[in-house]
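If you want the building blocks of each chain, they are given just below.
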Amino acid sequence: MTSDRHIVDIITRHAPRDGTFECRLPGVKLIRCSHPTVPMPVIYEPTLCLVAQGRKQAMLGQSAFIYDKSRYLIASVDLPVMGSVIEASAEEPYLCMQLDLDTVELAELAIRYPSKSPGESRPPAGLLLNETNPGVLDAAARLLSLLDTPDDINAIAPLALREILYRLLTGPGGDVVRHMAQAGTHLHQIARAIVWIRSHFREACPIETAAEIAGMSRSTFHAHFKAITLMSPLEFRAELRLQEARRLMLSEGLDAATAGFQVGYSSPSQFSREYVRVFGMPPSKHANLLRHRADDRQVQGTAVS
């Protein structure tokens, strides 16, 4: 069995229904979805997304990143994106292995195996698509196969995880992965500021403070931030606010005005304008639509069962 079919077989067995599944492999999640989905807001933390079957799209600002079994996706910093499965069916569901990237391990590998090409003069983008090569695929298959021999996980999983990181670091696009591991790079500096913005997005989040945390002048910070996240710092903060407001309306039943206020908007009209810009309709209408869709799925699931 080829590595890609082996991965399909393993994920199919260990993710037996739609959803995201934790597993015994450290930092690994298995994802299965049997139908295309509407765009959903999510934070991509430093992660490898390796698709075994189907296709997914991640929208970062106005840029679309489409990945499938021929292309894997790497998120190098925390990014708010709109993700949607765009190719899946009951017969051939979307199947994906998601791996948290260990920057400490990457840093050690980056020192031991230095780059043979000159470093980039400009900061890399926070999302990267790379061709799925046999080295990464074979290493992933060896890692996932440990789910069938769980007694071997403690001894062998660290070796398989290290091989995957090594393949990412030394393969095409490895310079981006190397930036993640090295203190002092622009990517690393912006990552520090992103962590601060994520913790303070409900507040004013002065750009000067974020720039100081990154160790840059305001103009340099703005340029590098936009190059990496494809958004300005204020647009980035707005994405975080709107994602949280959407969650508050759906999960906690808050009305639009209260949700907007809780995430930092003092003006309901500004909240509504920005919400329409991102989600395409006013917040109350969008929340009601999503609630109805969730109710319909629950009814359908009950009917099937």
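Worth saying up front: this structure is predicted, and the values here are computed from it rather than measured.

(A) Here's a closer look at the overall build of the chain. The helix and strand inventory of the chain stands at twelve helices and ten strands. A compact globule built from 305 residues would reach a C-alpha radius of gyration of about 19 Å, and the chain, at 20 Å, matches this within 12%. For the chain, the spread of C-alpha atoms along the principal axes amounts to about 60 × 55 × 30 Å. When the 305 residues of the chain are sorted by exposure, 47% land in the buried category. Contacts in the chain between residues at least 24 apart in sequence constitute 73% of all its contacts with a sequence separation of at least 6. Looking at the chain as shown, the accessible area adds up to about 14800 Å², and 53% of this sits on carbon and sulfur atoms.

(B) Structural detail: the environment of Tyr 265. Within the secondary structure, Tyr 265 is located in the loop between α10 (256–262) and α11 (268–279). Through-space distance from the C-alpha of Tyr 265 to that of Ala 204 is 9.7 Å; in sequence the pair is 61 residues apart. With residues up to four places along the chain from it excluded, the contact list for Tyr 265 reads Ala 238, Arg 241, Leu 242, Gly 260, Gln 270, Phe 271 and Glu 274. Of note is the side chain of Tyr 265, whose polar atom sits 2.5 Å from the side chain of Glu 274.

(C) Fine view of the environment of Arg 167. With respect to the element layout, Arg 167 can be found in helix α4 (residues 153–170). Distance in space between the C-alpha atoms of Arg 167 and Gly 135 is 6.4 Å, their sequence separation being 32 residues. The residues contacting Arg 167, other than those within four sequence positions of it, are Gly 135 and Val 136.

(D) Main features of the packing of helix α6 (residues 186–200) against helix α7 (residues 207–214). The geometry of α6 relative to α7 is characterised by a closest axis approach of 8 Å and an angle of 135 degrees between their N-to-C directions. For the element pair α6 / α7, the angle class is oblique. Between α6 and α7 the crossing geometry is right-handed. Taking contact as the criterion, the partners of Gln 189, Arg 192, Ala 193, Trp 196 and Ile 197 in α6 are, on α7, Thr 209, Ala 210, Ile 213 and Ala 214. Grouping the amino acids of the contact of α6 with α7 by side-chain chemistry returns six nonpolar, two polar and one charged.

(E) Representation of the side chain of Thr 229 in the model. Tracing the chain through its elements places Thr 229 in helix α8 (residues 218–229). Relative accessible area serves as the criterion here: at 0%, Thr 229 is assigned to the buried category. Within the structure, the side chain of Thr 229 is placed 2.8 Å from the backbone oxygen of Phe 225, a separation counted as a polar contact. Polar contacts involving the side chain of Thr 229 include one to the main-chain carbonyl oxygen of Met 231, which spans 2.9 Å. If we ignore the near neighbours within four places in the chain, the residues touching Thr 229 are Leu 60, Leu 79, Ile 194 and Phe 236.

(F) Structural context of the nonpolar core. By size, the foremost hydrophobic cluster in this structure holds 79 residues, and its most contacted members are Leu 127, Leu 143, Leu 144 and Phe 221. By residue number, the principal contributor to this core is α4, which donates eight residues. The contacts of Leu 144, once residues within four sequence positions are left out, are Ile 7, Ile 10, Ile 11, Leu 25, Val 28, Leu 30 and Met 97. In this structure, Leu 248, Ala 259, Val 263 and Tyr 265 belong to the second largest nonpolar core, which totals 15 residues.

(G) Structural view of the confidence of the model for the chain. Across the chain, the average pLDDT comes to 88, with 92% of residues at 70 or higher. This stretch, residues 298–305, has a pLDDT under 50; its non-local contacts, to residues over four places away or in other chains, come to zero contacts.

(H) Highlighting the pairing of strand β1 (residues 19–22). Of the strand pairs in this sheet, β1 and strand β2 (residues 28–33) are connected by four bridges, and their pairing is antiparallel. Its bridge partner being in β2, Thr 20 is matched across the sheet by Ile 31. The hairpin turn running from β1 into β2, its antiparallel successor, is five residues long, and Gly 27 in that turn takes a positive phi close to 75 degrees.

(I) Seen up close, α11. With twelve residues, α11 should cover 16 Å at 1.5 Å per step; its first-to-last C-alpha distance of 16 Å lies within 8% of that length. One or two steps after α11, the chain reaches Gly 280, where phi turns positive at roughly 85 degrees.

(J) Representation of unusual backbone geometry in the model. Although it is not a glycine, Leu 230 sits at a positive phi angle of roughly 65 degrees. Take Leu 230: it is sitting in the loop between α8 and α9 (233–251).

(K) Quick look at the state of the cysteines. The final tally for this structure, using the stated rule, is zero disulfides. Cys 96 supplies the cysteine sulfur nearest to Cys 23, a cysteine that is in no disulfide, at a spacing of 12 Å. Residue classification places Cys 23 among the partly exposed residues on the basis of a relative accessible area of 23%. The thiol of Cys 96 is not disulfide-bonded; the next cysteine sulfur, from Cys 49, is found 4.9 Å away.

About the thresholds
- Residues numbered from 1 in each chain as written.
- Predicted model: local features only at pLDDT ≥ 70, side-chain atom pairs only at ≥ 80, totals over all residues.
- Heavy atoms only, no water.
- Helix = DSSP H or I, 4+ residues; strand = E, 2+ residues; numbered from the N terminus.
- Rg over C-alpha atoms; globule rule 2.2 N^0.38 Å.
- Buried < 20%, exposed > 50% of the residue type's maximum accessible area, 1.4 Å probe, protein only.
- Contact = heavy atoms within 4.5 Å.
- Areas by Shrake-Rupley, 256 points an atom, 1.4 Å probe, with all protein chains shown as cover.
- Polar contact = N/O pair within 3.5 Å; in protein donor to acceptor, adjacent residues only side chain to side chain.
- Axes fitted to C-alpha atoms, helices over the stretch in contact; angles between N-to-C directions.
- Parallel < 35°, antiparallel > 145°, perpendicular 65-115°, else oblique.
- Left-handed = near helix turned anticlockwise from the far one by under 90°.
- Nonpolar A, V, L, I, M, F, W, Y, C, P; charged D, E, K, R; others polar.
- Core = buried A, V, L, I, M, F, W, Y, C linked by side-chain atoms within 4.5 Å.
- pLDDT = per-residue confidence, 0-100.
- Pairing = 2+ DSSP bridges.
- Expected span 1.5 Å × (residues − 1).
- Disulfide = S-S within 2.5 Å.

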